[in-house]
Amino acid sequence: MPEAAHRELTFAQAVREALAEEMRRDSRVCIFGEDVAEAGTPFKVLSGLVEEFGTERVVDTPISEAGFTGLAVGAAMTGLRPVVDIMFGDFITLTMDQMANQAAKVHYMSGGKWKVPMVMRTTLGATRRSAAQHSQSLHAWFSHVPGLKVVLPSTPYDAKGLLKTAIRDENPVVFFEDKMMHHKLKGPVPSEEYTIPFGVADVKRAGSDITLVATSSMVQVALGAAALLEAAGISAEVIDPRTTWPLDEASLIESARKTSRVIVMDEGYGRYGVTAEIAAVIAEGAFYDLDAPVKRMGAMHVPIPFSPPLEDATVPTEQSVFEAAQALCGRS
Amino acid sequence: MAISVVMPALEIAQETGTLIAWRKKEGEQVAKGETLLEIETDKAVMEIEAPGDGVLVGVKVHEGAVVPVGQTIAWIVAPGEALPAEAVPSSTTTTLSATVPARAAVGVAHTPHQQDASVAKISPKARRLARERGVDISKVRGSGPGGEIVAADVLTDAVQHTSSQRSAEPLTSVGRLMAERTTQSWTTVPHFFLVQEIDASAIVAAREHLAPAIEKTNGVKLNYTDLLIALVARVLAKHLRLNSSWSDGNIRLNPEINIGVAMAVDGGVVAAVIHQADRTKLGEIAVQRRDLTERARAGRLRPSDIAGATFTITNLGMYNVDAFSAIITPPQAAILAVGRIADRVVPVNRQPGIRPMMTLTLSCDHRVTDGATAATFLSDVGEAFGEPEKQLS
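Residues numbered from 1 in each chain as written. Chains lettered and ligands numbered in written order. Predicted model: local features only at pLDDT ≥ 70, side-chain atom pairs only at ≥ 80, totals over all residues. Heavy atoms only, no water.

Bringing the overall build of chain A into the picture now. The secondary structure content of chain A amounts to 13 helices and 14 strands. Burial analysis of chain A (332 residues in total) assigns 56% to the buried set. Summed over its atoms, the accessible surface of chain A is roughly 13,400 Å², and 56% of this surface lies on carbon and sulfur atoms. (Helix = DSSP H or I, 4+ residues; strand = E, 2+ residues; numbered from the N terminus. Buried < 20%, exposed > 50% of the residue type's maximum accessible area, 1.4 Å probe, protein only. Areas by Shrake-Rupley, 256 points an atom, 1.4 Å probe, with all protein chains shown as cover.)

Rendered as structure tokens:
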């Protein structure tokens, strides 16, 4: 087996490689954002790109998310394929009109004459001690709007393959990266060209007693909990939808029907959130195969605290998922 | 005006009935004559019809409960009408919630505090599996976090069920009753049997002779059973001891002669009753017998159809049985088992001749009658069979 097959990259390296490859492949691909050029973003995800592609294609913008997102919408409509960088996902709030009312609607309202092939890359996830305005996971907001695709990669492999698909998509795509994964999570990424289609869930671990549906940051938590559960004699399946829209409903339902018990985990708020939607999909599709209520686990319904012990308490952990799964299986 | 639904008495000595199933739900609209519930008595499972039009409310008795005869088990009220005061337990404060919605929405439950106790919590998967595998969830113990029945409980139960009854067929209600009642009779009633072979020429001739007129008048094809019912009933009128009942150490003479006719139904046998058969014309007996047979086959016998028999006739002639001994249905005193009519070589005027012959076997309760008394009756039956048209004229 060639050495490349065993190559491991960090999450940030995988994202950077996807961008570099797509920028080499298509000269229309460009990057707009705060501190994306020389600084390579505060998360150092884009380091080295400005050196290769220049400041014409890696453009530092003023601190005005609404402004440069609108710029990207217009650039996409007129022929470029911009990738917008919104440093902290909390500030998608400033881009909402550009995304929800413009990017999501232009293709439809122009009768197909205009299209908006842009990507918004941004972040989610707590526990970085960044306080209430820099720790939220607001991907549900975009998942709610018809016309937007929403991607939540959970591994370096998925990040690269999904980002390349996002850049090549003719529609606006929002790409959420867990900021805690950028440099902490390493995984195999082949050097060969590949893309991953949207709307295809991935079974990260097969099991038979309970399904843990997990997105983004929660996938690693689910895998850790699954290991604990295995030691307790419970076989947990971990399935990652990878995109909240399009959503691979069939695979989620199939897994639920196989195991009869489901916990849905997502770092966003549960109230009216991604977990609520997925739980409803499963309840509708697998009702007569469910042996227990579908349980949801996500961020506590509070502003994320700055105090580290309090912040940690707002997010599901391997232990809390392990306990919830045991209870659902009647083993607690 | 609220109508009470009571546990009916289907037979003289019945004290309780078992509620097998409600066919209508609490809050559901019912029409007079529609099947409302099923009950089980000592003799059979019966469908009970709604006594009036309205909305079924105040269901007090759950499926499987044994209820004294005459007890109110539910009410039928007009839409919007409140449950009668007597139906509302005085110790609760549910009077207001016990009124019926004016539109009588189908399936609206109105006695949650009563239903909770009987409805076990069960997962959707477990409920589906129970239905698919025929598991009675009321007998399954739940192992869920809150005692809920989960799929594993149903599967375990189904496995036990299958392994313990691998080659067994589940009993129908009728079948279970048959098992209980015949065991009780056979182990408590001292049976004795009298056998008599008779020449059936006259019966055969009478049937051929009478059938066309009855078919024309009553629109029914006369059969041998009809003739036997009519003849035996008329003979019984002169042998009241054979028409009496054993009742707690006493012999009770029955004022009416009601002939039960054993009929094969799915999973067992029931005895449908021709009331006052001694006073009923042959054509009318044939009509009643045909209607009862049709209802029995359809599983739609009414309470009055099986109530009140004082003597039973069972005929297996159509199955080519020559003769057999039957088990008495308590508290009746006797049962007459009739074999087929078949040509036999018998002495006729001291010469071998061929005659249609038939064997009658009378089973008697020795507490009620004795051999000589019963023999006189059987002899008279044989005689009546020798001159049927005279007996019936």
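A separate point is the overall build of chain B. Check the secondary structure of chain B and you find 10 helices and 17 strands. The buried share of chain B, reckoned over its 393 residues, is 45%. Residue pairs in contact within chain B that sit at least 24 positions apart in sequence constitute 61% of those at least 6 positions apart. Total accessible area computed for chain B in this model is approximately 20,000 Å², and 52% of it derives from carbon and sulfur atoms. (Contact = heavy atoms within 4.5 Å.)

Residue and element names in this part refer to chain B. Bridge count for strand E10 (residues 244–247) against strand E11 (residues 250–253) is four bridges, and the pairing is antiparallel. From the neighbouring strand, Ser247 faces E11, where its bridge partner is Asn250. Between E10 and the antiparallel strand that follows it, E11, lie two residues; Asp248 among them carries a positive phi value of about 50 degrees. (Pairing = 2+ DSSP bridges.)

A separate point is the sheet that holds strand E13 (residues 262–269) of chain A. Residues and elements named next belong to chain A. Strands sit in the order E9-E11-E10-E13-E14 across an open sheet of five strands; the sheet is mixed. Strand pairing shows two members of the sheet lacking a second neighbour, strand E9 (202–205) and strand E14 (295–299), which therefore form its edges. Going across the sheet, the axis of each strand differs from the next one's by a mean of 25 degrees, ignoring polarity. One ladder, built from four bridges, connects strand E10 (residues 210–214) with E13; its direction is parallel. Looking at E13, one finds that Ala214 is bridged to Met265. (Axes fitted to C-alpha atoms, helices over the stretch in contact; angles between N-to-C directions.)

A few words now on the pairing of E10(A). All names here are of chain A. Where burial is concerned, most of E10 is hidden: five out of the five residues are buried. On E10, burial covers both faces: Ile210, Leu212 and Ala214 on one face and Thr211 and Val213 on the other are all buried. Pairing of E10 with strand E11 (residues 236–240), which is carried by four bridges, proceeds in the parallel orientation. The residue of E11 that forms the bridge with Val213 is Ile239. This β-α-β element, E10 to helix H9 (residues 217–231) to E11, shows right-handed connectivity. (Right-handed = clockwise from strand over helix to strand, strands pointing away.)

Let's shift gears to the environment of Ile20(B). All names here are of chain B. Topologically, Ile20 is positioned in strand E2 (residues 16–22). We classify Ile20 as partly exposed; its relative accessible area is 26%. C-alpha separation for the pair Ile20 and Ala65, spaced 45 residues apart in sequence, amounts to 7.8 Å. When neighbours within four sequence positions are excluded, Ile20 is seen to be in contact with Glu38, Ile39, Glu40, Glu63 and Gly64.

All right, on to the interface of chain B and chain A then. Listed per partner, the contact involves nine residues of chain B and nine residues of chain A. When chain B packs against chain A, the two sides together hide about 710 Å² of surface, and 49% of this comes from carbon and sulfur. Per-residue buried area on chain B facing chain A is highest for Pro124(B), Lys125(B) and Arg128(B); these three make up 60% of the total on that side. Taken together, chain B and chain A are joined by one salt bridge. The salt bridge partner of Arg128(B) is Asp289(A), with a shortest N-O separation of 2.6 Å. Viewed at the interface, chain A and chain B are joined by seven residue pairs in polar contact (both at pLDDT 80 or more). Those elements that place two or more of their residues in the side of chain B that touches chain A are helix H2 (124–133) and helix H3 (151–164) of chain B. For the side of chain B that touches chain A, the leading source of residues is H2(B), giving four residues. Its residues assigned to classes, the side of chain B that touches chain A comprises six nonpolar, one polar and two charged. (Buried area = accessible area lost by both parts, 1.4 Å probe. Salt bridge = Lys/Arg side-chain N within 4 Å of Asp/Glu carboxyl O. Polar contact = N/O pair within 3.5 Å; in protein donor to acceptor, adjacent residues only side chain to side chain. Nonpolar A, V, L, I, M, F, W, Y, C, P; charged D, E, K, R; others polar.)

This part covers the packing of aromatic side chains. Counting across every chain of the model gives six aromatic pairs over all chains. Both rings, one in Phe43(A) and one in Phe88(A), keep their centres 5.4 Å apart while their planes meet at 65 degrees; by these two values the pair is edge-to-face. Of this pair, Phe43(A) sits in the loop between strand E2 (29–33) and helix H2 (49–53) while Phe88(A) is found in the loop between strand E4 (81–86) and helix H4 (96–103), placing the two residues 45 residues apart along the sequence. Given a relative accessible area of 8%, Phe43(A) falls into the buried group. The class for Phe88(A) is buried, based on a relative accessible area of 10%. Ring geometry for Trp186(B) and Phe193(B): centres 6.5 Å apart, planes at 35 degrees, overall tilted. The class of Phe193(B) is partly exposed, set by a relative accessible area of 32%. Geometry around Tyr224(B) places Arg207(B) over its ring, the cationic atom sitting 4.8 Å from the centre. (Phe/Tyr/Trp six-rings, centres within 6.5 Å; stacked < 30°, edge-to-face > 60°. Lys NZ or Arg CZ within 6 Å of the ring centre and 35° of its normal.)

Residue and element names in this part refer to chain B. For chain B, the average pLDDT comes to 83, and 86% of its residues sit at 70 or higher. Ranking the helices and strands of chain B by mean pLDDT puts strand E15 (residues 334–338) first, with 96, and helix H1 (residues 112–118) last, with 39. A low-confidence stretch, residues 89–118 (pLDDT under 50), is modelled with 37 contacts involving residues beyond four sequence positions or located in other chains. (pLDDT = per-residue confidence, 0-100.)

To find the voids left in a structure, one rolls a probe of water-molecule size over its atoms. Residues and elements named next belong to chain A. For the coordinates displayed, the defined rule picks out two cavities of 30 Å³ or more. Within this model, the largest cavity holds a volume of roughly 50 Å³. Contributing to the lining of the largest cavity are Thr41, Phe43, Val45, Asp85, Ile86, Met87, Arg121, Thr122 and Thr123. Put simply, the parts of the chain that give the lining of the largest cavity at least two residues each are E4 and strand E5 (119–124). Element by element, the count of residues in the lining of the largest cavity is highest for E5, at three residues. Taken together, the residues of the lining of the largest cavity break down into four nonpolar, three polar and two charged. (1 Å grid on protein atoms, 1.4 Å probe; cavity = no way out; pocket = protein on both sides within 12 Å on 5 of 7 lines; lining within 4 Å. Points joined across faces, edges and corners; volume = space filled by probe spheres on them.)

Residue and element names in this part refer to chain A. Residue placement: Thr95 occurs in the loop between E4 and H4. Overall, the relative accessible area of 0% leaves Thr95 in the buried class. A distance of 2.8 Å separates the side chain of Thr95 from the backbone oxygen of Ile92, its partner in a polar contact. Apart from residues lying up to four places away in sequence, Thr95 is in contact with Glu65, Thr69, Ile86, Met120 and Phe142.

Attention now moves to the packing of helix H5 (residues 201–218) of chain B against helix H7 (residues 282–297) of chain B. All names here are of chain B. One way to put it is that H5 packs onto H7 with a least axis distance of 10 Å and a crossing angle of 65 degrees. Taken as axis vectors, H5 and H7 run roughly perpendicular relative to one another. Crossing hand, H5 versus H7: right-handed. Between H5 and H7, the contacting residues are Leu210, Ile214 and Asn218 on the first element and Leu282, Gly283, Glu284 and Val287 on the second. Counted by class, the contact of H5 with H7 contains four nonpolar, two polar and one charged residues. (Parallel < 35°, antiparallel > 145°, perpendicular 65-115°, else oblique. Left-handed = near helix turned anticlockwise from the far one by under 90°.)

Here the focus is a nonpolar patch on the surface. Together, Trp186(B), Phe193(B) and Ile327(B) make up a nonpolar patch on the protein surface, roughly 280 Å² of accessible area in all. For Trp186(B), the location among the structural elements is in helix H4 (residues 173–188). (Patch = residues over 30% accessible without salt bridge, like charges linked within 9 Å, V, L, I, M, F, W, Y side chains within 5 Å.)

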